[in-house]
Amino acid sequence: MPYCFACGGKLEWRLVESEQRDRLVCTRCGRITYLDPKVAACTIPVIGGRVLLARRGIEPGLGLWVFPGGYVERGETVPQAAERETFEEVRLRVRATRPVGVYSYPDSVVVVVVYHCDVVGGEPARGTETQEVRLFGRDEIPWDRLAFPSTRDALRDFVTQWPGG
Ligand SMILES: [Zn+2]
């Protein structure tokens, strides 16, 4: 992130008095480049009473399990992103319904929004960034092989809201 998007000048970390924070400031035009959080949108599909998880084929979390999801693009809503990413990763058409929760951590730039969803079409299959997809019953979730803290925390919340009890 070495250059200003406005003028191409070099950026440097500098204390901005009015904000009482170090910011990336352009050494040429003085504009601040804000490092905003990124938003990821996910779903937890349920088929036949079991949740669908995917084993990641890319870093971070290579070889570990996660529910489908990915980054929200500008020009789409958060639930739309969750639905799009779910199709890209596990080939399921879903309709995002209500949130399971929103997960964020001081040492991570990602805010993760996780949705319950209705499966409306498709057959589970692996996308290009996925090694394997598998269904897990409530007592089969691989707690010690989950990819991210948000995966663990959202599944923990999901289990307490498990459809049908
Ligand atoms: Zn500049």
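For the structure, see preceding data.
Since we're looking at a predicted model, the values are computed, not measured.

A. Region of interest: the pairing of strand E9 (residues 92-103). Note: E9 against strand E10 (residues 110-122), nine bridges, orientation antiparallel. Counted as the bridge partner of Pro99 is Tyr115 from E10. Between E9 and E10, which pair antiparallel and follow one another directly, the connecting turn spans six residues.

B. Quick look at the sheet that holds strand E8 (residues 69-71). Reading across the sheet, the four strands line up as E8-E4-E10-E9 and stay open at both edges, with mixed pairing between neighbours. A single partner strand is all that each edge strand has here, and the edge strands are E8 and E9. On average, adjacent strands in this sheet sit at an angle of 25 degrees to one another, irrespective of strand direction. Set on the sheet, helix H2 (residues 149-160) makes contact with strand E4 (38-44), E9 and E10; between it and E9 the angle comes to about 95 degrees.

C. Main features of helix H1 (residues 78-90). For H1, which comprises 13 residues, the first-to-last C-alpha distance of 18 Å matches the rise-based estimate of 18 Å (1.5 Å per residue) to within 8%. Among all positions in H1, only Pro79, Ala81, Ala82, Glu83, Glu85, Thr86, Glu89 and Val90 are buried. At its buried positions, H1 is contacted by E4, strand E6 (50-56), E8, E9, E10 and strand E11 (130-136). At the exit of H1 stands Arg91, carrying a positive phi of roughly 65 degrees.

Thresholds applied
Residues take numbers from 1 onward in each chain, read along the sequence in its written order. Given that the model is predicted, a residue must reach a pLDDT of at least 70 before its local features are reported, and side-chain atom pairs must reach 80 or more before they are shown or counted; all residues, however, enter totals for whole chains, interfaces and linings. Pairing between strands is defined by DSSP: at least two bridges between the two strands are required. Where helices and strands are cited, they refer to DSSP runs of H or I of at least four residues and of E of at least two residues respectively, numbered from the N terminus. Between N-to-C directions, angles cover 0 to 180 degrees, with each direction set by a line fitted to C-alpha atoms, over the stretch in contact for helices. Once C-beta atoms are placed from the backbone, any two residues with those atoms within 7 Å are in contact. Helix span is expected to be 1.5 Å times the residue number reduced by one. To sort residues by burial, count the other C-beta atoms lying within 10 Å of each one's C-beta; a count of 20 or more means buried, 12 or fewer means exposed, and anything in between means partly exposed. C-beta atoms are built from the backbone.

Everything listed here is a matter of geometry and, on its own, says nothing about what the molecule does.
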